Amino acid sequence: MKKQPMMSILSAAVGSAAAFQVPSCPSLMYASSSASKLYSSQLETETNNDDLNRSTSWNDIESFEGDSRAGEDGYSVLRRPVTFDADMDPIFAAPLVLDEREEEQLSDANKNWYEERSSGRRTSGKKKDQSSKNSILGEYADVLQIANDDAIAKKDNKLQAKRQDEEDQHLDMNKRTLETLDYPLVLRALAKECSTVKGQEIVLNSHSPDEQIQASSSIKDADDDIASMPLTASTVTGVHHRYGAVQEMQRLMEGRVSGWVTSSRQPQKQQQGNNKGKKKSQRKPLGAPPIDGHTFDLTPIFDIVDEGKVLEGPEILDITLMLETAYDVLDWSRALKDFNEDEESSNNNGPQQDPFVELPRLTESIEIDEELFHLLTNAFDDEGKLSGTTFPGIGRLRAKVRTYKRDILSSIDSILSLPSMKNKLAVESGGALTMEINGRLVIPVQQSYSNSVGIVHDASRSGKTAYVEPSEIVGPTNELRQAEAELRAEEARVWRQLTEMIVLHREEIERNVASVGQLDVTMARVKLGKRLQGVVPTVSEEGVVSVKEARHPILLLRGLEGVVGSDVDIGKSGKMGLILTGPNSGGKTIVLKLLGLYALMVRDAIPVPSKSHEPARVDFFSPILADIGDIQSVDGDLSTFSGHMLVCKEVLANADKNALVLMDELGSGTDPNQGVAIAQAILEALLERNCRVAITTHYLELKQLASTDDRFAVAGMQFKNGKPTYKLLPGVIGESFALAVAERLKLPPSVVERAYELLDSETRQMGELIRDLEDQKLLVEEKAEELRKREYEMRELKADMKKQQERLEAKQLNARREEAKKFATKLEEKEKLLEDILQKLKGSGASKKVIADSWSDIRIVKREVLSDAENVPGVMSRLKQQQGEAADVELIPISEMSGINNVNVDDKVIVCKKGAFYGKEGTVKQVGKKIQVGVAGVPVRLTLKEIAFPPSSGYAAKASTTKNPTMSKMAQRALELDDSADSPVEMSSISSPRDTGSTMKTKSNTVDCIGKNFEESKRLCLYAFSNAAMSNRSVVFILHGHGTGVLKKKIREWLKSDRQWVKSYRPADQDDGGDALTRVELKKQDVF
């Protein structure tokens, strides 16, 4: 077998070693490159020296063959398919640590790469301390430490519990109150509604001892600083702020606000050269803040930073997403402020909406550094790699790497296409002509030609084929590796730069997360309130709880159907204490817990379940102390009674003004007489401190306390038909019903009967009396409820009948209108025929008066039909017949009368121009462009549009009560005017001074509008105003009466808007009839 040159063996060994290089350790890569350079410098000498020993046995490299075993498709462990792609950039992992010097130390440690590969784990070099141990254990180190701490803590607690003495025991009343009221269940439900991790932390970390200490030491700062604002308010002002935010958020989430949010941030990716510098604003409807669906769990990210490590792509993208959301929240907050400004400047007549105050306050602490924001949002390209546009150094080096790759691939293609290479290639085994070993391209060459082609990196199992890197590409490949090393270093620098920028702005990022968390908690409050069908109560500091249909929140959260609501009141009218009575398992404890839960929910600004559309009030209480259930301890030697006394001691030590104290079965567990005495003494002591107290009891003496002390109120749980209804009855002393409960639970009947016999007569009588009173009260309530239902049914029936009547009248009116329209159409046809007749009458010698009568009659009939169609059938006609309304006369201007629109001297005409002479008859004196007419001795100049031919009798004939038998009926009816319009106006009356002194109501200056609608009354008033002006009278009285007040209101609104006649108006004096009449003072009218 031929021997191979030693240098070939060396290069092959170097290539084999390079196969195991650690990607994150550049020094190992350089080892291969250095060896290659060393060999390339001597290549020419060795190829020209034929005397060199080329007969090295393959047995010398059998160990090498172990790692070069042939694999699938002709490849081996070393030989892989070519991954050289000039269009793909290399991908490097981010550096491990933030400190570059520490990274170099890690690189030096990685020189022992073979040991690391064999052991399968990484070492930390010179670090031999505890942190190295923890890094090896990983997450199990924390688990072991926690388990160890828990074991020590349990051991200490057990020893401490054994050493406790009853007199020295102290209870954490805050913890006991929360546990006995089951309030953690409410908090967990609230946290479940939060979408962000920060919101969940705010909720779940509330009511902790650390938070209580912090809140008590810095009450004002806790609420002013949004970043540290807790869930629980420590003042009533804090409750108002939180509930205000809830109400504002509720309006937004229910879509009751109209507005738009305009995005002010640029798109994340800016394409170079396209739309550069342009900002495309986006508008979205104003609603809930844009935070739903994001968790913003940045704690693990900052834990990485705290360990001195570099953030990678996913972590930086999470920070970027958070900043983008904070930017959107700022836009949303600005939209709320714009809405406030629009509401203030709007002049609409509708109700003005309340401004947004609390929600913008929650976003005031959001700050975004523009440099950081633009750096992070443009740090990555569309493929998720560091952007070569944002970081030009990376882009330049990537382009350089791509160029080297293209040159190398081009060189390989040229080499393979050479005629001299065709005989040297080993192609009989098949497979690809180009392969890759540790990033270096090789070609299969026959063993005899391998040294003349280049550096041997591998060989086949048979030894016939050598895989050689051509000499022409050794240098370019080394330059490629150098460029890749520079690219790796540049990317590491950028990764560190990004991490350092995030660390620099860590505080403001955490404050932004806190602000978003506060908004998330506010949204969670709204969502939970909707689940509970809750309302935002009125909150004060007077120690009052007043809720209608209050229901237990825990029962509602469990999804139970038919949860019974009760009216709960405490603190009203000086009733500082509430004594809850009733049977066992009757619901007393539920009501007691309900009071405590409502007080806690108000402090956390959670809507409380209440009857919708009914005002609810739950005042601010601090502290809230509850003793529900037993405290028994064998180790502590605590009995039921002593446990209660221990709690009572803590309550008396902590209770102060505005405290709410809830105690279950106070004074129980010992001798009844002594228990009652102690219970009453404790109650009186608490009330002396102005606390609000609610207790449950079975002691008759405590039940009767409300009758002797006005500060107490009593309420009993309803017990109906031998079963509890769980409804609270205020003012009722509930019997314990112990025997009834025993009977319901199926205690043997003989035992129940014997127990009843053993009761003393006074107790039996008292129980029977209470039951009788409760039965009577229940009967009264049932009757009252029945009456309310009937009253409601009557109102509904009345409203339904009214609707039916309106529908019927509408149908009748529509039918009448349709008929009137049909008749009007027929009338128009008749009118056309009559017009033709009038045209024929022109030449037949008929008088103009006859023609005018015919024309006027047609118009009057048509108008009457249309008027009847717009009113209730028959009413208008009857009123007109009774009143003889003058408005039925319609004056037709001569200019509109086709064929007879000329006048002659001495013709009688009627003035139809609005003014003082309207409706007066005159005589034509002169005909010209304007016609001179003598009216009541006054010459006036008018046009044909301003005069009309009179009916057959003329207006002057109205002075006579005799009707012309030749006059048409319609014209006769039109001439039946009011008596006040009888006399024509003489010249003397016009020229006389105006009467301004006569303001007494008389028949001649009063218009009677009783029984008429507004339009009829208006026409009568206009005629009266005209007659008064002609008679030189300045005052007219309008009689409209009181009635429903509609006619009076419309007449006075019309008088207020009139500019032609009315100077002023007011209700008449009491001597003239009072408010049933309106006194109108008229303006002085010019006579044309």
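Everything discussed here concerns the structure shown above.
Everything numeric here is computed off the predicted structure, so don't read it as measured data.

(A) Structural detail: the sheet that holds strand E19 (residues 921-926). Strand order in the open sheet formed by 5 strands is E21-E20-E19-E18-E22, and the pairing between neighbours is antiparallel. Only two strands of the sheet have a single neighbouring strand rather than two, namely strand E21 (938-942) and strand E22 (947-948). As judged from the 2 bridges shared by strand E18 (residues 908-911) and E22, these two strands associate in the antiparallel manner. Bridge assignment links isoleucine 910 to a residue of E22, and that residue is alanine 948.

(B) Highlighting the packing of aromatic side chains. For the structure on display, the rule yields 6 aromatic pairs. Relative to phenylalanine 356, the ring of phenylalanine 339 lies with its centre 5.5 Å away and its plane at 65 degrees, an arrangement referred to as edge-to-face. One end of the pair, phenylalanine 339, is in helix H15 (residues 313-345); the other, phenylalanine 356, is in the loop between H15 and helix H16 (358-362), and 17 residues separate them in sequence. Given the relative accessible area of 6%, phenylalanine 339 is considered buried.

(C) Fine view of the state of the cysteines. Summed over the entire model, instances satisfying the criterion amount to 0 disulfides. Not engaged in a disulfide, the cysteine cysteine 1021 finds its nearest cysteine sulfur in cysteine 1009; these two sulfurs lie 4.3 Å apart.

(D) The arrangement of the pattern of salt bridges in detail. The final tally for this structure, using the stated rule, is 30 salt bridges. Put simply, glutamate 542 and arginine 617 hold a salt bridge, and the shortest N to O gap is 2.8 Å. Highlighted residues: glutamate 542 in the loop between strand E7 (534-535) and strand E8 (545-550) and arginine 617 in strand E12 (residues 617-618), separated in sequence by 75 residues. Given a relative accessible area of 23%, arginine 617 falls into the partly exposed group. Salt-bridge contacts for glutamate 791 lead to arginine 795; the nearest nitrogen and oxygen are separated by 3.2 Å. Of this pair, glutamate 791 and arginine 795 both sit in helix H31 (residues 761-842), 4 residues apart, roughly one helical turn. According to the relative accessible area criterion, glutamate 791 is partly exposed, its value standing at 48%. For arginine 795, a relative accessible area of 48% corresponds to the partly exposed category. Three or more residues joined by partner-sharing salt bridges are found here, namely Asp306, Arg506 and Glu510.

Calculation rules
Residues numbered from 1 in each chain as written. Predicted model: local features only at pLDDT ≥ 70, side-chain atom pairs only at ≥ 80, totals over all residues. Heavy atoms only, no water. Pairing = 2+ DSSP bridges. Helix = DSSP H or I, 4+ residues; strand = E, 2+ residues; numbered from the N terminus. Phe/Tyr/Trp six-rings, centres within 6.5 Å; stacked < 30°, edge-to-face > 60°. Buried < 20%, exposed > 50% of the residue type's maximum accessible area, 1.4 Å probe, protein only. Disulfide = S-S within 2.5 Å. Salt bridge = Lys/Arg side-chain N within 4 Å of Asp/Glu carboxyl O.

Honestly, it's all geometry; don't read function into it.
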